[in-house]
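Spelled out from the first residue to the last, the chains are:
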Amino acid sequence: MLIHFIMTSKNILTILFSFLLSQALFAQLPNFNPNNDVTLSINDDAGTNGLAVSYNAKKDLYYSVFAGNETYNIEVHNAAGISLKTIQIGGDLRGFWYNESKNQLQGILYGNTGCFSYDLDGDGYPTEIKITDFSYGMEDQNVAVFNNGIVYFANYDGVSSFKQGKKKLIKPKKLELIESGLSDNINFNGFIHTGLKGYEYGFYNYETSELYLVNAKTGKTSATIQIQIDDNFGELNTFRISFCNNRLFLYNVENRTWNGFNIIN
């Protein structure tokens, strides 16, 4: 019985070690040599400030929007980046994401004057906008991003966050890159949340084309990724930056494309 117990314990340890090793091998990490492997072509000719790209894994569809006018369009793209459909936005947006648990496109309006949602039809296309007057009370141009039920905002004070639909501010997180003076060339309304543990927040330096990934718990910069873009890409100092489907998306105002870089392995 004793020998059997020892052998069984060794087997358990072997299985446990194999499991932990497999988890480590398949753990997601930043990709320090990202490629532009997704390009979304914009057919509509209105708007210059690309606001956001979101991704619906259930339908393998991307959605892109502009900030600045309620008459602009949401554009729906397939996985190859081809534009399939455009739908008038119906609001001036400052945050835009896909909420998988609700199967909705959601976000906030300019000036934090309200929140919005779009139900999706059977093909994954958005229907008419629904607007509420709920506000998180942030500044007019603060762009909201979303991850796992939390809404985030970034500015020179750091990162502020709220449980979705709640006004109580979660304690703001101070950031090392602000306190150390590295924030002079950061596009704060191009802030992203990756969902990757230890590398949650993303800030783009529009002078050096570097993406700083920041640990949400400590506020310290945990990785720096160089993004290779063409010289004629256009300004990225305000808006024009987004994240979804493990990709940093940069909007090229010159050729009207969203360019996705696979920054997570």
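Residues numbered from 1 in each chain as written. Predicted model: local features only at pLDDT ≥ 70, side-chain atom pairs only at ≥ 80, totals over all residues. Heavy atoms only, no water.

(A) Here's a closer look at the sheet that holds strand S6 (residues 97-99). With antiparallel pairing, four strands are arranged side by side in an open sheet as S6-S7-S8-S9. Bordering the open sheet on either side are S6 and strand S9 (130-132), each of which pairs with just one other strand. Between one strand axis and the next, the sheet turns by 30° as a mean value, whatever way the strands run. With five bridges joining them, strand S7 (residues 104-108) and strand S8 (residues 115-119) adopt antiparallel strand pairing. Looking across to S8, one finds that Gln-106 is bridged to Ser-117. (Pairing = 2+ DSSP bridges. Helix = DSSP H or I, 4+ residues; strand = E, 2+ residues; numbered from the N terminus. Axes fitted to C-alpha atoms, helices over the stretch in contact; angles between N-to-C directions.)

(B) Geometry of the pattern of salt bridges. Throughout the structure, instances matching the rule amount to three salt bridges. In this structure, Arg-94 engages Asp-92 in a salt bridge whose closest nitrogen and oxygen atoms are separated by 2.7 Å. For Arg-94, a relative accessible area of 5% translates into the label buried. The class for Asp-92 is partly exposed, based on a relative accessible area of 21%. A salt bridge links Lys-130 to Asp-119; the nearest nitrogen and oxygen atoms lie 2.5 Å apart. Remark: Asp-119 occurs in strand S8 and Lys-130 occurs in strand S9; sequence separation between them is 11 residues. For Lys-130, a relative accessible area of 45% translates into the label partly exposed. (Salt bridge = Lys/Arg side-chain N within 4 Å of Asp/Glu carboxyl O. Buried < 20%, exposed > 50% of the residue type's maximum accessible area, 1.4 Å probe, protein only.)

Remember that the coordinates give geometry; whether it matters functionally is a separate question.
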